[in-house]
Protein chains: 2
Amino acid sequence: MNIKKFSLTMLAVGISLSPFASEAKGHPNLILTESGVERMRDSLGEVPLFDKSLAAVKQEVDAEIEMGIDTPIPKDFSGGYTHQRHKKNFFIAQKAGVLYQVLEDEKYAKYIRDMLFQYEAMYKDLPLHPQKRSYARGKLFWQCLNDSNWLVYMSQAYDAIYDYLSADERKTLEGNLFRPFADFISLENPQFFNRVHNHSTWGIAAVGMIGLVMNDEDLIQRALYGIEDDGLEVGGKDNDGGTIKVEGQRKGFFANLEEPFSPDGYYTEGPYYQRYAMYPFLIFALAMENSRPDLKVLQHKNGVLLKGVNALLNLSDADGEFFPLNDGQKGMSYHSASLVTAVDLAYFYGEKDPQLLSIVEKQNQVLLQESGLSAAIGVRDGKAKPFAKDSVNLSDGPDGQQGGVGILRYGNEDLTLVFKYAAQGLSHGHYDKLSFSLYEKGDEVLQDYGLARFVNIEQKGGGNYLKENATWAKTTIAHNTLSLNGQKHFDGKYDVASQHHSALFTFDAEKENVKVVSATEENAYPGTLMHRTMAVIKDENFEKPFLLDILRVESDQKNQYDLPFYYMGQIIDKNFSYQSPTTLSAFGEDNGYQHLFVEGKGNANNGNTKFQWLGNGKYYTLTAVTHADDEVYLTRIGANDPDFNLRRDAAITLRRNDTADTVFVSVVEPHGSYSPVSESSVNSRSSIASVNVVLDNDDYTGVSITDVKGNIQLFVIANGNSDKSVEHAVTIAGQDYSWTGPYFYQ
Amino acid sequence: MNIKKFSLTMLAVGISLSPFASEAKGHPNLILTESGVERMRDSLGEVPLFDKSLAAVKQEVDAEIEMGIDTPIPKDFSGGYTHQRHKKNFFIAQKAGVLYQVLEDEKYAKYIRDMLFQYEAMYKDLPLHPQKRSYARGKLFWQCLNDSNWLVYMSQAYDAIYDYLSADERKTLEGNLFRPFADFISLENPQFFNRVHNHSTWGIAAVGMIGLVMNDEDLIQRALYGIEDDGLEVGGKDNDGGTIKVEGQRKGFFANLEEPFSPDGYYTEGPYYQRYAMYPFLIFALAMENSRPDLKVLQHKNGVLLKGVNALLNLSDADGEFFPLNDGQKGMSYHSASLVTAVDLAYFYGEKDPQLLSIVEKQNQVLLQESGLSAAIGVRDGKAKPFAKDSVNLSDGPDGQQGGVGILRYGNEDLTLVFKYAAQGLSHGHYDKLSFSLYEKGDEVLQDYGLARFVNIEQKGGGNYLKENATWAKTTIAHNTLSLNGQKHFDGKYDVASQHHSALFTFDAEKENVKVVSATEENAYPGTLMHRTMAVIKDENFEKPFLLDILRVESDQKNQYDLPFYYMGQIIDKNFSYQSPTTLSAFGEDNGYQHLFVEGKGNANNGNTKFQWLGNGKYYTLTAVTHADDEVYLTRIGANDPDFNLRRDAAITLRRNDTADTVFVSVVEPHGSYSPVSESSVNSRSSIASVNVVLDNDDYTGVSITDVKGNIQLFVIANGNSDKSVEHAVTIAGQDYSWTGPYFYQ
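Note that the coordinates shown come from a computational prediction; the quantities given were computed from them, not determined experimentally.

Caption draft 1: Focus on the packing of helix H12 (residues 271-291) of chain B against helix H14 (residues 337-349) of chain B. Residues and elements named next belong to chain B. Between H12 and H14, the shortest axis-to-axis distance is 9 Å and the interhelical angle comes to 40°. When the axes of H12 and H14 are compared, the pair comes out oblique. The chirality of how H12 crosses H14 is left-handed. Every residue of H14 that contacts H12 at Arg275, Met278, Tyr279, Leu282, Ile283, Leu286, Glu289 and Asn290 is listed here: Ser338, Leu339, Thr341, Ala342, Leu345 and Tyr349. Of the residues belonging to the contact of H12 with H14, the class tally is nine nonpolar, three polar and two charged.

Caption draft 2: Geometry of the sheet that holds strand E24 (residues 688-696) of chain A. Residue and element names in this part refer to chain A. Overall, antiparallel pairing links the four strands, which are arranged E24-E25-E26-E29 in an open sheet. The outermost strands of the open sheet, each flanked by one partner alone, are E24 and strand E29 (743-745). Pairwise comparison of adjacent strand axes, ignoring direction, gives a mean angle of 10° for this sheet. In terms of strand pairing, E24 meets strand E25 (residues 700-707) through seven bridges, oriented antiparallel. Note on E25: the bridge partner recorded for isoleucine 688 is aspartate 707.

Caption draft 3: Focus on the environment of Glu599(B). Relative to the helices and strands, Glu599(B) is located in strand E16 (residues 596-603). Judged by relative accessible area, which is 5%, Glu599(B) ranks as buried. Sequence spacing of Glu599(B) and Gln579(B) is 20 residues, and the spatial spacing of their C-alpha atoms is 8.5 Å. Sequence-distant contacts of Glu599(B), that is, excluding residues within four places in its chain, are made with Phe644(A), Arg648(A), Gln579(B), Ser580(B), Pro581(B), Leu584(B), Leu634(B), Thr635(B) and Arg636(B). Polar side-chain contacts of Glu599(B) include one of 3.4 Å to the side chain of Arg648(A).

Caption draft 4: Molecular detail of the relation of the copies chain A and chain B. When chain A is fitted to chain B, the residual RMSD is 0.0 Å, and the transformation amounts to a turn of 180° plus an axial shift of 0.0 Å. These values place the two chain copies in the arrangement generated by a two-fold rotation axis. Relative to the rotation axis, the closest C-alpha in chain A is found at Leu584(A), a distance of 2.4 Å. Mapped onto chain B, 98% of the interface residues of chain A are again interface residues, and the two copies thus contact each other with one and the same surface.

Caption draft 5: How the structure looks around the pattern of salt bridges. Going through the model one piece at a time under the given rule, you end up with 93 salt bridges over all chains. Its salt-bridge partner being Asp649(A), residue Arg647(A) comes within 2.9 Å of it at the nearest N-O pair. The shortest N-O distance in the salt bridge between Arg636(B) and Glu599(B) comes to 2.9 Å. Residue Arg636(B) is found in strand E19 (residues 631-637), and its partner Glu599(B) is found in strand E16; the two are separated by 37 residues along the sequence. By sharing partners, the salt bridges in this structure join Arg179(A), Asp183(A), Asp216(A), Asp218(A) and Arg222(A) into a single network.

Caption draft 6: Inspection of the interface of chain A and chain B at higher detail. The interface is formed by 51 residues belonging to chain A together with 50 residues belonging to chain B. Both faces considered, chain A and chain B share a buried interface measuring about 4,200 Å² in area, 50% of it formed by carbon and sulfur atoms. When the buried surface of chain A facing chain B is broken down by residue, Gln459(A), Phe644(A) and Glu679(A) rank first, second and third, together holding 18% of it. Linking chain A with chain B are four salt bridges, by the criterion used here. One salt bridge connects Glu458(A) with Arg685(B), and the closest N-O pair in it is separated by 3.1 Å. Between the two partners, chain A and chain B, sit 25 residue pairs in polar contact (both at pLDDT 80 or more). Elements represented by at least two residues in the side of chain A that touches chain B include exactly helix H4 (81-103), helix H12 (271-291), strand E14 (570-574), strand E16 (596-603), strand E17 (607-615) and strand E19 (631-637) of chain A. Counting residues per element, the side of chain A that touches chain B draws most heavily on E14(A), at five residues.

Caption draft 7: Layout of unusual backbone geometry. The linkage connecting His27(A) with the following residue, Pro28(A), adopts the cis geometry, with an omega of -5°. Counting through the fold element by element, Pro28(A) comes out in the loop between helix H1 (2-13) and helix H2 (34-43). One non-glycine residue, Asn302(B), lies in the positive phi region at around 60°. If you trace the backbone, Asn302(B) turns up in helix H13 (residues 300-314). You will see that Phe644(B), though not glycine, has its phi angle at about 55°, which is positive. Looking at the secondary structure, you find Phe644(B) in the loop between E19 and strand E20 (650-659). For Phe644(B), a relative accessible area of 3% gives the class buried.

Caption draft 8: Fine view of the packing of H4(A) against helix H6 (residues 144-161) of chain A. Residue and element names in this part refer to chain A. Axis separation between H4 and H6 bottoms out at 8 Å; the angle between their running directions is 25°. If you check the angle between H4 and H6, you find them roughly parallel. Like other packed secondary-structure pairs, H4 and H6 cross with a definite hand, here left-handed. Between H4 and H6, the residues in contact are His83, His86, Asn89, Phe90, Phe91, Ala93, Gln94, Gly97, Tyr100 and Gln101 and Asn146, Asn149, Trp150, Tyr153, Met154, Gln156, Ala157, Ala160 and Ile161, respectively. A class-by-class count of the residues in the contact of H4 with H6 yields 10 nonpolar, nine polar and no charged.

Caption draft 9: Representation of helix H7 (residues 167-185) of chain B within the structure. Residues and elements named next belong to chain B. Here H7 spans 25 Å end to end across 19 residues, near enough to the 27 Å set by a 1.5 Å rise per residue. If you look at H7, its biggest bend is around 45°, right at glutamate 174. Along H7, the residues that are buried comprise Arg170, Leu173, Glu174, Leu177, Phe178, Phe181, Ala182, Asp183, Phe184 and Ile185. Those residues of H7 that are buried are in contact with helix H5 (106-123), helix H6 (144-161), helix H8 (190-193), helix H9 (198-214) and helix H10 (217-225).

Caption draft 10: Molecular detail of the sheet that holds strand E9 (residues 503-508) of chain A. Residues and elements named next belong to chain A. Overall, antiparallel pairing links the eight strands, which are arranged E9-E10-E11-E12-E21-E18-E17-E14 in an open sheet. Only two strands of the sheet have a single neighbouring strand rather than two, namely E9 and E14. Between one strand axis and the next, the sheet turns by 15° as a mean value, whatever way the strands run. Strand direction decides the pairing type here: strand E18 (residues 618-626) and strand E21 (residues 662-671), joined by seven bridges, are antiparallel. When the bridges of E21 are listed, threonine 623 appears paired with valine 667.

Caption draft 11: Structural detail: empty space enclosed by the protein. This model, assessed by the stated rule, comprises six cavities of 30 Å³ or more. Along the wall of the largest cavity there are 13 residues; nearest its centre are Ile31(A), Leu32(A), Gln94(A), Val98(A) and Gln156(A). Those elements that provide at least two residues to the lining of the largest cavity are H4 and H6 of chain A. Among the residues forming the lining of the largest cavity, the class breakdown is eight nonpolar, four polar and one charged. The space that makes up the second largest cavity amounts to roughly 80 Å³. Taken together, Leu584(A), Phe597(A), Glu599(A), Arg636(A), Ile637(A), Arg648(A), Leu584(B), Phe597(B), Glu599(B), Arg636(B), Ile637(B) and Arg648(B) make up the lining of the second largest cavity. Going through the elements one at a time, E16 and E19 of chain A together with E16 and E19 of chain B are the ones with two or more residues in the lining of the second largest cavity. Of the residues belonging to the lining of the second largest cavity, the class tally is six nonpolar, no polar and six charged.

The rules we used
Residues numbered from 1 in each chain as written. Chains lettered and ligands numbered in written order. Predicted model: local features only at pLDDT ≥ 70, side-chain atom pairs only at ≥ 80, totals over all residues. Heavy atoms only, no water. Axes fitted to C-alpha atoms, helices over the stretch in contact; angles between N-to-C directions. Helix = DSSP H or I, 4+ residues; strand = E, 2+ residues; numbered from the N terminus. Parallel < 35°, antiparallel > 145°, perpendicular 65-115°, else oblique. Left-handed = near helix turned anticlockwise from the far one by under 90°. Contact = heavy atoms within 4.5 Å. Nonpolar A, V, L, I, M, F, W, Y, C, P; charged D, E, K, R; others polar. Pairing = 2+ DSSP bridges. Buried < 20%, exposed > 50% of the residue type's maximum accessible area, 1.4 Å probe, protein only. Polar contact = N/O pair within 3.5 Å; in protein donor to acceptor, adjacent residues only side chain to side chain. Least-squares fit on C-alpha atoms with pLDDT ≥ 70 in both. Salt bridge = Lys/Arg side-chain N within 4 Å of Asp/Glu carboxyl O. Buried area = accessible area lost by both parts, 1.4 Å probe. Expected span 1.5 Å × (residues − 1). Bend = angle between axes of the 7 residues up to and from the residue. 1 Å grid on protein atoms, 1.4 Å probe; cavity = no way out; pocket = protein on both sides within 12 Å on 5 of 7 lines; lining within 4 Å. Points joined across faces, edges and corners; volume = space filled by probe spheres on them.

What follows is the structure, given as structure tokens:
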């Protein structure tokens, strides 16, 4: 902090120290710059993707101008008319600003001015928004978050027409609208502004950006370093259960940049919120780059912002859809507008990575800023190269020391494992330590449920989080991980969960035929250590790569263990007997179990329990090592869901009762295909004859996989020592094996 | 029959009467011809789509030749190894025959010869297939149907290498393999061969085609006219419950051509089986065209075979997937191989319709025959025009007098109604009189469940029909039509159902803003007349076209009425109160009700009951006219389904108790959209303020639709008179209306 305070002082007293600061800067100078606008104008008609993007924006804005301006009295939740209208207003105004600059057509400037003056006339006397659900109510919207969105965009619109307005007009707008607006979302709502949270990021960007346009140093400093004395008491919760003020809380832009981002660019709330926060982070950073380049915001923390873009792209499936870790809406992808901004900026301000251009091609639009122009020129000139997503281990925590997310990929995303051993992830975190999801190309094989919310669909709880998000989506049993005694991890206590994180045991994706990630968790259930090792293996006797899952548990007491697999598809075959009830009842009373119907209950086999399904035209077989007294439950989501807020998705759950130390071993094996057009069923049978635990003690767990031709593969994990240089030796069935490093495979 | 017998006699005694018959024909002369092969050879390298298709076939065949020939002892059901292997053998042999002819590479001829002699060695002593499920067991396969498939393809392979073989070789193959094979599937299995049924079509084509190659007049006559004295008794059922022999049954190719096809080219079993039967129909017809052009098979019944191709293409959604009427597998589409054959032949032997070329483009492959060459040349030369699917009314029955299927389309398949008022459709028919399904582009809005079968997936009941096909898929409650007193139409009695059909009342798709289909059914429930009128309406005050559904019932007794809507998607909103049980029970005991769980039960509103869902990113609202004592059930398929054979799909069902005459009126209204990428929810509310029945008597039923802006539309159907020239006049709320024809709309 000292260094930063110092540099701010330098900025305040000696701005001429910066090589750029001595230039007298006119407007626009926030996101657009005079020189950048000049380049865009000069390139018109010469860069197809840029021209196309501009034409699309022009068509949209012209249609809105045609319809006239409406700034209704605020009334609705997300999805309702007044919410949608004000939201559209700021989007369109920002775009109109760009059009004014690039096309020099005054109608766009006039449109923005008129709209701003309507807001100015309204804002002076505007009370708090009538909807009272938020911990930080806004004025135009039901929460300050959306008011901040408004200001982030409107400050760009204002910057674009700054020179078009008279000094008097600017004075009126700044005095009656922008400055009070900025103060409202910051000084009057420190519980919103003064946090480390995606909400605050928007608030900070809003205050900072309008400060930059107005050249209001007070606002700029507030944005960068927060409110010194916010008067908040430690504790207090927001609407999502997140703690508002924690002991020793940092604040402001730099704190929000440093704390939630790991050095690898992973954002602790998960990709869905990273995508959401990325826009204000980047757009404010860009504004700082343009106005205060000496602060080197884009280079801060070793360039973490641009690294974050790369991390985010790696947190997507083959279709570009983000893994729905924590609260995440399925289907959100790198096609979203905030990723268009992010990718263009990462290209232009980063190292002009030609792989990013292939994402730009898929997005099929660019930002109307010189970064977008540059990306479009790159595409036009054929510079794009395929974006190669490889296996990657993304650490979590400000220093990368709070667990992480390990992604193992085989081939060209033919199989992708997403293994989560991260920190809690703030208020949007789920109780899902050591959980995983599995993808074949862009299709979910074993799903992460994501959030329980219909974002912006007013009919569904105002478009906000539904109560099932807490009672189902966040629970442990809702995830592909181990539940003990029907309880959630950390007993579902956010404050406790926030103090802990899982720990990486090993990550190794160097080899082609076996890639391993392994982590431990010892706090989710006090007295119990869980150690999960997942390996993506490609063997020549198997058509496709498969997943080996070894989950070892040491506990100081006997427990009931539930291990679900949320398979996506329809049941094709199974090798165990079960009863299918004629009336369906819930799996349990609480902790998420109350939302599951039991469609089948059976006994596992002594040896291997096999279960096969067909999803998206492909076959998958689960082969689990089970005991005769293990139980198998076939469940479906939907119990105690009177508003039909949940999807009716299925799972198979292995239950082991009355056991302390134990190990769960299973293989998830993709194979074959089915086409309803050719009606041909190809390779519809598992290639596995048996899976066996051949060794299990404190030091080693060994698993053999025998295929139907009789070939045997052996995998051993060294439970106690992850050092990659340590030598190990074991004897299994009279045969000696020795190797170096935490695991053995052959 | 007399005329045909006569021409056959002419053919037998005076073949030189035909202008073509005097040419001495060599081989190939079945599907390929010497001149056609010459044209293909000459065009190599010059027609991209043909070259590509040839290269793909060559790659496939070469890989198989590499692997060697395997003709295992028959053992398995569909999906099992021996089944799949023999199936692959005939496919590959047929393709190898084409390659031999076009590429003149002897290895292909040798491959076929070796394979045929392996079969010859095996066939002599081959017993019946060990699987005993079929009413007509085959030898290579579990049913004669698949044996016939084999012969249809193998006769083409044989024709291709006919001249390559020595006379002795031919004699051996014909004497030991082909002739006994043909006799087995015909003379020894008249219950299979001598019917009007898609099974027989395959048997007939098989016998006829090998007859043509062998120039065996006995077999050819048998194929064309059936077995004179089959010794079968009237009655008897096949595996699907179809009657084997009905009184006065006709037989042979011409009977199979005349009876199941309506003059419009609709095949009474439905599009899924039309697709299946189309290949043997067309390929045998083509063989006849090449060998016996004087019989003018392709022109038979006013060119019904080629008309059938057009009908079939019209029975598909915007993605080319066939409507799953009766037993139909979802996803089957015009991309299937049999449709590649059908479309190429229809193009070449029909009027060279350039619209068919756009289908060829989508199929992206052509038949390796001169029709395929011709289509590929058309594509190469840019002749393709979009295939415009319009509204169409396809009659059912040999004379087009047994009901039909009415398809109303608005715009470019923006909304497609499929309304079924057909005959029973033989053994694959469903008990679903006056049912409908609704599509927006290629997405199902209200579904037809289709069949309950995993075709060729051995693990699921040997890949055959599952028992749930009868207990669920065929039932009335499984469809979007009216169930009375929990019973199936015709009490589910196939023999009774087969004697009746619904009757068209009116079909009018001439106008842009209102398209109407209306039909009656008076036999499904004796003593009850159902009259359903469906209109696709586009009004300027609505974003999208909507469906008006008027179902009027006259009954001589009081009944319980259930009217389900199998919506595809997730519930967004509803305006009625209901209870959601914590344990789920079945909707009923039998007739399909036993497969439905009740997830909610409520009371309808006195006035309008509204129900909204989101499917495939689009909103839909059902607005139904209801009474206060109507009940609403929210159901989901899956009860009493221990093997998980059924999809867990949902419905909303309106129930009206203790009522004789009544009318059900509802509007299904597509509107708006939702994107998880932009998270914008557009036009998510119904535009309908109210729907009212403003008139209902024996003569007229009138419905008003009031939109949220207060505009009113009125639709009146004249219940008693469908004459398009009759004048009508009614007074509604003091206002006089008069018009000509069966309905009024303004």
